[in-house]
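# Geometric and topological summary
One letter stands for each residue in the lines below.
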Amino acid sequence: MKMTVLYYTRTDTTKEMAHVIAEGMQMVEGVEAKAFSIDAIDEDWVRESKCMVLGTPTYLASASGDIVNWLEGPGRTLGFAGKVGGAFATVNYLHGGGELAIRLILDHMMVYGMLTYSGGGSHGVPVIHLGPVAIKGKTDEVKETFLLYGQRMAQMTAKVFGQDALN
Ligand SMILES: Cc1cc2nc3c(=O)[nH]c(=O)nc-3n(C[C@H](O)[C@H](O)[C@H](O)COP(=O)(O)O)c2cc1C
């Protein structure tokens, strides 16, 4: 089963965490996951993916305008409806608005008919309420959380689409 992690980045923090999530997804047997910048997407891969996670740097306590423009523009052609969707953010500051950035992306995903998933706060530690957030310069501290988030997204996608879709 194919899965995609997309990101926008200026200084590579969001790219780094996108690849960690893809690595986590691939820990689930039968999953093939790839991470792409929104500027260099394998469109066929995204269309065939059952799960799409979108990552953004936090700008002014919100998602980057580049991500929003992509969602409003080129992204629209990639068949979002019916995919499992999730979002993550990177920040400079613990209280810099990362979760607001995530929430904005999840809202847009719902408008497109995606099945949004947070990573599951009720699964326990590490608790992820809306999606994971990494602080630039301290990404090592949350690497395990991002790996686990990738696994949880993949496991939920397998549950939604059925085990057969993994083969
Ligand atoms: C225009 C601009 C606005 C930003 N606003 C915020 C902010 O509101 N809160 C925050 O924590 N970090 C803010 N940052 C920092 C970035 O979110 C942070 O460095 C991010 O990890 C960069 O991601 P990247 O390395 O993938 O480009 C801002 C950065 C820029 C360039």
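Look above for the structure.
Described in the following lines is the structure provided in the data block. (Residues numbered from 1 in each chain as written. Predicted model: local features only at pLDDT ≥ 70, side-chain atom pairs only at ≥ 80, totals over all residues. Heavy atoms only, no water.)

## Some remarks on the pairing of strand β5 (residues 84-91)
The element β5 is extensively covered by neighbouring structure, given that 8 of its 8 residues are classed as buried. By the alternation rule, side chains of β5 split into Val84, Gly86, Phe88 and Thr90 and Gly85, Ala87, Ala89 and Val91, which are all buried. Here 7 bridges tie strand β3 (residues 51-59) to β5, and the two strands are oriented parallel to one another. Looking across to β5, one finds that Thr56 is bridged to Ala89. Pairing between β5 and strand β6 (residues 115-116): 2 bridges, direction parallel. The residue of β6 that forms the bridge with Gly85 is Thr116. (Buried < 20%, exposed > 50% of the residue type's maximum accessible area, 1.4 Å probe, protein only. Helix = DSSP H or I, 4+ residues; strand = E, 2+ residues; numbered from the N terminus. Pairing = 2+ DSSP bridges.)

## Here's the deal with the nonpolar core
Counting residues in hydrophobic clusters, the biggest one holds 27 residues, and the most contacted among them are Val5, Met25 and Val53. Those elements that provide at least two residues to this core are β1 (2-7), α1 (13-26), β2 (32-37), β3, β5 and α5 (143-161). No other element matches the 6 residues that α1 contributes to this core. Val5 has contacts with Ala18, Ile21, Ala22, Met25, Lys34, Ala35, Phe36, Val53 and Phe88, leaving out every residue within four places of it along the chain. Counting 24 residues, the second largest nonpolar core, distinct from the first, contains Leu71, Phe80, Ala87 and Met114. (Core = buried A, V, L, I, M, F, W, Y, C linked by side-chain atoms within 4.5 Å. Contact = heavy atoms within 4.5 Å.)

## Structural notes on the site of the ligand
In the region of the ligand, 17 residues are neighbours, and Thr9, Thr11, Thr14, Thr58 and Asn92 sit closest. Within the contact set of the ligand, an oxygen atom lies 2.8 Å away from a side-chain nitrogen or oxygen of Thr13. Between an oxygen atom of the ligand and a side-chain N or O atom of Thr14, the distance comes to 2.6 Å. About the coverage of the ligand: the protein hides 78% of its 650 Å² of free accessible area. Of all the elements in the fold, those that place two or more residues in the shell around the ligand are α1, β3 and β5. The dominant element in the shell around the ligand, judged by the number of residues it contributes, is β3, at 3 residues. A breakdown of the residues in the shell around the ligand according to their chemical character gives 6 nonpolar, 8 polar and 3 charged. (Near = heavy atom within 4 Å. Polar contact = N/O pair within 3.5 Å; in protein donor to acceptor, adjacent residues only side chain to side chain. Areas by Shrake-Rupley, 256 points an atom, 1.4 Å probe, with all protein chains shown as cover. Nonpolar A, V, L, I, M, F, W, Y, C, P; charged D, E, K, R; others polar.)

## What about the pattern of salt bridges?
Evaluation of the coordinates by the stated rule reveals 4 salt bridges. Of the charged contacts, one joins Glu48 and Lys2 as a salt bridge, the two residues approaching to 2.9 Å between their closest N and O atoms. Placement of Glu48 in helix α2 (residues 43-48) and of Lys2 in strand β1 is noted, with a sequence separation of 46 residues between them. The class of Glu48 is partly exposed, set by a relative accessible area of 46%. Of the residues examined, Lys2 reaches a relative accessible area of 23% and is grouped as partly exposed. Connected through shared salt-bridge partners, Glu43, Asp44 and Arg47 make up one network. (Salt bridge = Lys/Arg side-chain N within 4 Å of Asp/Glu carboxyl O.)

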